[in-house]
Amino acid sequence: MSFGTPAYDVAHLLGGGVLLLSFVLLYQRRLDAVISAFAVQGALLAAAAAWQGYIQGAAGLYVTAAIAFVAKAVAIPLALRLLLGRLGLHRTVETALGVGASLVAAVALVGLSVLVILPITAGQAQALTREDMALALSVVLLGMLMMITRRNAISQVIGLMSLENGLILAAVGVTGMPLVVELSTAALVLMVAVVAGVVVFQIRDRLETLDTSLLDRLRGG
């Protein structure tokens with residue numbers, strides 16, 4: 001695929017949209033807005049996978065796109081909203097780092113991703129694959145940043161699943177990536193999310209809050 005073609009532009013528009021939603025996740029201060037942003041990110045990820053299936057002629061990527069849409073854009077956001085209602089949580093996101101500082105750190109991580117990926121893949125991959133990998137690594141790092149800078153357990157779980165969105169974006173952007181690799185990655189993170197959900201309930205039952213900073217105070221007690 002040559003630079004500047006419509007297929008190239010659409011692929012980067014969708015990948016850039018997934019990355020933009022990672023910034024939105026870091027910016028939001030309310031849990032319901034964070035969940036909504038995650039749902040939109042999941043829908044964009046599904047669209048990116050479907051588009052890669054079209055331009056690569058890989059029918060298996062349509063399966064990945066369907067799974068991503070059902071799980072990330074519909075089922076998981078709905079489950080998280082039900083969880084908020086069931087636990088009666090307050091809707092403000094607790095942060096270990098201010099929103100402004102988080103966004104500055106996010107920009108630095110995106111720059112780091114570009115500096116790492118583009119030079120080491122020069123002459124070894126198509127331009128589309130190289131830039132998709134840079135976008136995907138950025139999404140992964142911003143997911144990690146969200147897990148580190150958010151004290152609320154639900155926000156940290158969303159950060160983990162956003163990180164996994166970056167892994168899927170990287171997988172679908174590589175021509176010839178076996179479907180089993182993508183699905184096994186999704187299944188692994190889904191299991192982690194289930195475990196995280198159990199931990200959320202345990203924290204709620206024991207501490208009557210989901211602020212994970214309280215765990216530090218109880219360490220050694």
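The preceding data block contains the structure.
A brief look at the structure comes next. The numbers attached to residues start from 1 for each chain and follow its sequence in the written order. Local features are withheld for residues below a pLDDT of 70 in this predicted model, meaning they are given only at 70 or higher, and side-chain atom pairs are given and counted only at 80 or more; totals for whole chains, interfaces and linings count all residues. Only hydrogens and water are removed before side-chain values are computed, so all heavy atoms of the structure are retained for them.

1. So, the pattern of salt bridges
Oppositely charged side chains may form a pair once their charged atoms are brought near each other. For the record, the criterion: Salt bridge criterion: a side-chain nitrogen from Lys or Arg within 4 Å of a carboxyl oxygen from Asp or Glu. What counts as a helix is a DSSP run of H or I of at least four residues, what counts as a strand is a run of E of at least two, and both are numbered from the N terminus. Note on exposure labels: buried denotes an accessible area under 20% of the residue type's maximum, exposed denotes more than 50%, and partly exposed covers the range between, all computed with a 1.4 Å probe on protein chains only.
With the rule as written, the count across this model stands at two salt bridges. With a closest N to O distance of 2.4 Å, Lys72 and Glu164 form a salt bridge. In this pair, Lys72 sits in helix 3 (residues 60–87) while Glu164 sits in helix 6 (residues 153–173), placing the two residues 92 residues apart along the sequence. Taking the relative accessible area as the measure of exposure, Glu164 reaches 2% and is therefore buried.

2. Structural notes on the packing of helix 2 (residues 31–56) against helix 6
Here is the rule: Axes here mean lines fitted to C-alpha atoms, for a helix over just the part in contact, with angles spanning 0 to 180 degrees between N-to-C directions. Here is the rule for angles: anything less than 35 degrees is roughly parallel, anything more than 145 is roughly antiparallel, 65 through 115 is roughly perpendicular, and the remaining ranges are oblique. Note on contacts: a residue pair qualifies if any of its non-hydrogen atoms lie within 4.5 Å across the two residues. For this classification, the nonpolar set comprises Ala, Val, Leu, Ile, Met, Phe, Trp, Tyr, Cys and Pro, the charged set comprises Asp, Glu, Lys and Arg, and every other residue, Gly included, is treated as polar.
One way to put it is that helix 2 packs onto helix 6 with a least axis distance of 10 Å and a crossing angle of 10°. If you check the angle between helix 2 and helix 6, you find them roughly parallel. Where helix 2 abuts helix 6, its residues Leu31, Val34, Ile35, Phe38, Gln41, Leu45, Ala48, Ala49, Gln52 and Gln56 lie against Ile154, Ser155, Ile158, Met161, Ser162, Asn165, Ile168, Leu169, Val172 and Gly173. When its residues are assigned to classes, the contact of helix 2 with helix 6 shows 13 nonpolar, seven polar and no charged.

3. Considerations on empty space enclosed by the protein
What counts, and what does not: Definitions used throughout: a 1 Å grid over protein atoms alone; a cavity as a set of points that fits a 1.4 Å probe which cannot get out; a pocket as an open set with protein on both sides within 12 Å along at least five of seven lines; a lining residue as one with an atom within 4 Å of a point. Grid points are joined across faces, edges and corners, and a volume is the space filled by probe spheres set on the points.
Scanning the model with the defined rule gives one cavity of 30 Å³ or more in all. What the largest cavity holds in volume is close to 60 Å³. Around the largest cavity sit Ala11, Leu14, Gly15, Ala48, Trp51, Gln52, Asp132, Leu169, Val172 and Gly173, which together line it. Mapped onto the lining of the largest cavity, the elements with two or more residues apiece are helix 1 (6–27), helix 2 and helix 6. A per-class count over the lining of the largest cavity returns six nonpolar, three polar and one charged.

4. So, the side chain of Thr149
Condition: Here a polar contact is recorded for every N or O atom pair within 3.5 Å, except that within protein the pair must consist of a potential hydrogen donor and a potential acceptor, and residues adjacent in sequence are included only if both atoms are side-chain atoms.
Within the fold, Thr149 resides in helix 5 (residues 127–149). You can call Thr149 buried: its relative accessible area is 4%. Polar side-chain contacts of Thr149 include one of 3.1 Å to the side chain of Arg150.

5. Details of the packing of helix 1 against helix 4 (residues 99–120)
Note the threshold: Here is the rule for handedness: rotate from the far helix to the near one, and if that takes an anticlockwise turn smaller than a right angle the crossing is left-handed, while a clockwise turn gives right-handed.
Contact pair helix 1 / helix 4: the axes reach a minimum separation of 9 Å and the direction vectors enclose 155°. The orientation of helix 1 with respect to helix 4, classified from their angle, is roughly antiparallel. Both helix 1 and helix 4 take part in a crossing whose hand is right-handed. Seen from helix 1, the contacting residues are Leu19, Phe23, Leu26 and Tyr27; seen from helix 4, they are Val99, Ser102, Leu103, Ala106, Val107 and Val110. Here the residues of the contact of helix 1 with helix 4 are counted per class, giving nine nonpolar, one polar and no charged.

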